Amino acid sequence: MARWLPRSADLTRFCQKLNRVKTLEDDMMETSFNRCLSTIDLTLLGIGGMVGSGLYVLTGTVAKEIAGPAVIVSFIIAGFASLLAALCYAEFGARVPKTGSAYMFTYVSVGEIWAFLIGWNVLLEYMIGGAAVARAWSGYLDSIFNHKIKNFTETHIGTWQVPFLAHYPDFLAAGILLVATAFISFGAKVSSWLNHVFSAISMGVILFILIMGFILAQPKNWSAQEGGFAPYGLSGIMAGTATCFYAFVGFDVIAASSEEARNPQRAVPRAIAFSLGLATGAYILVSMVLTLMVPWHTLNPDSALADAFYRRGYSWAGFLVAAGSICAMNTVLLSNLFSLPRIVYAMAEDGLFFQVFSRVHPRTQVPVIGIVVFGVLMALLALIFDLEALVQFLSIGTLLAYTFVAASIIVLRFQQQKVDVPAQPAGRQPSPEPSDGPAAGELKEYESFSDKLQLVDGDKSKEQREPGQLKAAFEPYLEFLSDFYPGEVVTVAVVTLMVSAICLCSILVFGNTHLHLPTWSYSLLLVLFSLGFLLSLLLIWAHEQQRNTQTFQIPLVPLSPALSIVLNIYLMLKLNYMTWLRFAIWLMLGLLVYFGYGIWHSKENLREPKPQRVSARYVVFPSSSLEETVQAVQPSPQPAVGLPDADTEESKR
């Protein structure tokens, strides 16, 4: 029975495979894509991804069904939480200018299986985002023609009464996705030009909405007679915040496009900051205008803005808003279809997904196969699924990606930075130079016992300490932490921080409602988990971090990423249980793909050295001196020559 159990060495090797990180190329600017996008291109791409879908869809839905006029506060909180996540994306996009977004960022810092799961969820995020916007695009176009398209479909094809499915098949939404897929296949320049045109029209429509909306505003629509400003209370505001995250996924498009930026170190952070600031301001002002024009409880969730102008007697304005919103949603479709194949390409290029998706067309320099396949899948989603179910499912994938990227920032910031050793010219041998230790900036692996002794007994009085090492000011109080490898304590503290954040947010969300905890236990658990979170944060802060002034760095690390982690986890727990159930099913499918294909075809497998048979002995002599004897037993290339056994070695000794 025991022989069927896996050995500890095999389990250790298996866990190392799951948590191996990606090895980056020496020249990260080298790519098979066309680096043709400027800062303006990336900014408009981000604005197009954010302004359109949420502005014309979620404002009415959240205001009527979740938060009321307090949807303004929901957008403010969602914008702040998105800002924390956006700063993390900006730092990673500048340091690692490769396509893949959250997947790539997690792969280079946390580990392979976590990166795959994040990439797997990002795929679903983009597919759902594009499908939801396509259905909203179809609804707005249908409203211009007095819902004749909907009535024709229901009469001649029929309706469905199935949960989470649409009431009728939306062929118009599927058709626009297929048309957009065709345009994206022509290359990044064509996609960028189309996005510029639609973004300009969208911003003109937003200015018109704000000017006309404030002219028609009636403050009485926020009065107590209409239900007040926050009819659903704080719980409604926070629930609305979780849903409003759908509006801010556009800045992720910028990070996914960093491999096609001319100067990603400067363009990516600037584009993320500009696009997120403009989008947040637009959401807040449009939500204010919408709830002031008509009472919030009378809004039409399907086409709230256009319907509000119709009801105020400005039918021509409603027609203009509906036509402009269609152009705005076109930018969202383009940004989703632009980014999704590039995430798939990054996963396939690393060997974690099917290799067919890593092929780049030589003329257009885009992954055409990925664009076509996932464009068709997105069209199928838009054809049969319900918009509300899609939006709820989208939020959890986005929040999970934000959480892992924030954790990756902390881990990467406290890791030793690898410095590549310049190659020697051909025919020259490196001249040996005396040195007391490893070269400056060179990574050294402390694998043997003697190396660890040297690390512990090394010069602790150096002013310049490596990233991940304990700060000199804390060494007298936390001397026992000096025995760990650089960055090891930080990694454990990050895991503890995330566990504490999950427990803390669970008590806040479910303590009084589902768990029915008494007041004393509720308060005690809040204090305990808050202390665990703060102690983990202080422990991380007590270590040295990388100081890199060449690229953008998020300020106040580890505080800023830690706040992002807490906000994201809290908002995830506010989503309903069916969203979590569908999310768990999707994760299980992802694990099947990873263990069935990804782990065996990963390119990091090729870089792993073959295991060698090594045995080590530690002998303590009576003189209290410590000596390590390492006997490396290599497999003999000659089959006739056997390996000496342990008794022979002892006799020789």
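Only a predicted model underlies this, so the values are computations on that prediction, with no experimental measurement involved.

This paragraph deals with the packing of aromatic side chains. The tally for this structure, following the rule as stated, stands at 29 aromatic pairs. Ring geometry for Tyr 89 against Tyr 402: centres 5.9 Å apart, planes inclined by 85°, an arrangement best described as edge-to-face. Within this pair, whereas Tyr 89 is found in helix H4 (residues 71–95), its partner Tyr 402 is found in helix H16 (residues 387–413), the two being separated by 313 residues in sequence. Classification of Tyr 89 by relative accessible area gives buried; the value is 0%. According to the relative accessible area criterion, Tyr 402 is buried, its value standing at 2%. Here the basic side chain of Arg 342 rests over the ring of Phe 338, its NZ or CZ set 3.8 Å away from the ring centre.

Moving on, we come to the nonpolar core. Generally speaking, a soluble globular protein has its nonpolar side chains buried in company with each other. The biggest cluster of nonpolar side chains holds 170 residues, and the ones touching the most others in it are Tyr 56, Tyr 89, Phe 251 and Phe 353. Looking at which element gives the most residues to this core, the answer is helix H6 (residues 112–144), with 20 residues. Excluding residues within four positions of it along the chain, Tyr 89 makes contact with Ser 101, Ala 102, Phe 105, Phe 251, Asp 252, Ala 255, Ile 272, Ala 401, Tyr 402 and Val 405.

Glancing now at the packing of helix H8 (residues 171–184) against helix H14 (residues 315–349). Two numbers describe how H8 lies on H14: the axes approach to 10 Å, and their chain directions differ by 60°. Taken together, the axes of H8 and H14 lie oblique to each other. Viewed along their axes, H8 and H14 form a crossing whose handedness is right-handed. Each of Ile 176, Leu 177, Ala 180, Thr 181 and Ile 184 in H8 lies in contact with H14, whose residues at this interface are Asn 330, Leu 333, Leu 334, Leu 337 and Phe 338.

Looking now at the environment of Ala 132. With respect to the element layout, Ala 132 can be found in helix H6. Overall, Ala 132 belongs to the buried group, its relative accessible area being 1%. For the pair formed by Ala 132 and Ala 173, sequence separation is 41 residues and the distance between their alpha carbons is 9.0 Å.

The next subject is unusual backbone geometry. Following Val 557, the chain continues to Pro 558 via a peptide bond in cis, the omega torsion being 10°. Mapped onto the secondary structure, Pro 558 falls in the loop between helix H19 (519–541) and helix H20 (559–573). Even without being a glycine, Ser 101 presents a positive backbone phi close to 55°. Tracing the sequence through the fold places Ser 101 in the loop between H4 and helix H5 (102–107). By relative accessible area, which is 0% here, Ser 101 ends up buried. In this structure, Gln 365 takes a positive phi of about 55° despite not being glycine. By the element assignment, Gln 365 lies in the loop between H14 and helix H15 (368–384).

Moving on, we get to a nonpolar patch on the surface. A contiguous nonpolar surface patch, about 650 Å² in accessible area, is contributed by Leu 178, Phe 354, Val 356, Ile 369, Val 372, Val 373, Val 376, Leu 377 and Leu 380. Take the nonpolar patch: its biggest share by element is 6 residues, from H15. With respect to the helices, strands and loops of the structure, Leu 178 is situated in helix H8. The class for Leu 178 is partly exposed, based on a relative accessible area of 44%.

Here H8 contains 14 residues, and its C-alpha end-to-end distance of 20 Å stays within 8% of the 20 Å for a straight helix at 1.5 Å per residue. Ala 173, Ala 174, Ile 176, Leu 177, Ala 180, Thr 181 and Ile 184 are the residues of H8 that are buried. Buried residues in H8, looked at end-on, bunch into an arc of 160°, giving them a common side. Capping the start of H8, Asp 170 holds a side-chain oxygen 3.4 Å from the backbone nitrogen of Leu 172, two or three residues further along.

Moving on: the pattern of salt bridges. A complete count under the given rule lists 7 salt bridges for this structure. Arg 342 is paired through a salt bridge with Glu 260; the nearest N and O atoms lie 2.6 Å apart. One end of the pair, Arg 342, is in helix H14; the other, Glu 260, is in the loop between helix H11 (251–256) and helix H12 (264–293), and 82 residues separate them in sequence. Each member of the pair Arg 342 and Glu 260 is classed as buried. Lys 603 is paired through a salt bridge with Glu 349; the nearest N and O atoms lie 3.5 Å apart. Of this pair, Lys 603 sits in the loop between helix H21 (577–601) and helix H22 (604–607) while Glu 349 sits in helix H14, placing them 254 residues apart in sequence. Classification of Lys 603 as partly exposed rests on a relative accessible area of 33%.

Cut-offs used in this document
Residues numbered from 1 in each chain as written. Predicted model: local features only at pLDDT ≥ 70, side-chain atom pairs only at ≥ 80, totals over all residues. Heavy atoms only, no water. Phe/Tyr/Trp six-rings, centres within 6.5 Å; stacked < 30°, edge-to-face > 60°. Helix = DSSP H or I, 4+ residues; strand = E, 2+ residues; numbered from the N terminus. Buried < 20%, exposed > 50% of the residue type's maximum accessible area, 1.4 Å probe, protein only. Lys NZ or Arg CZ within 6 Å of the ring centre and 35° of its normal. Core = buried A, V, L, I, M, F, W, Y, C linked by side-chain atoms within 4.5 Å. Contact = heavy atoms within 4.5 Å. Axes fitted to C-alpha atoms, helices over the stretch in contact; angles between N-to-C directions. Parallel < 35°, antiparallel > 145°, perpendicular 65-115°, else oblique. Left-handed = near helix turned anticlockwise from the far one by under 90°. Patch = residues over 30% accessible without salt bridge, like charges linked within 9 Å, V, L, I, M, F, W, Y side chains within 5 Å. Areas by Shrake-Rupley, 256 points an atom, 1.4 Å probe, with all protein chains shown as cover. Salt bridge = Lys/Arg side-chain N within 4 Å of Asp/Glu carboxyl O. Expected span 1.5 Å × (residues − 1). Arc of directions from axis to C-beta. Polar contact = N/O pair within 3.5 Å; in protein donor to acceptor, adjacent residues only side chain to side chain.

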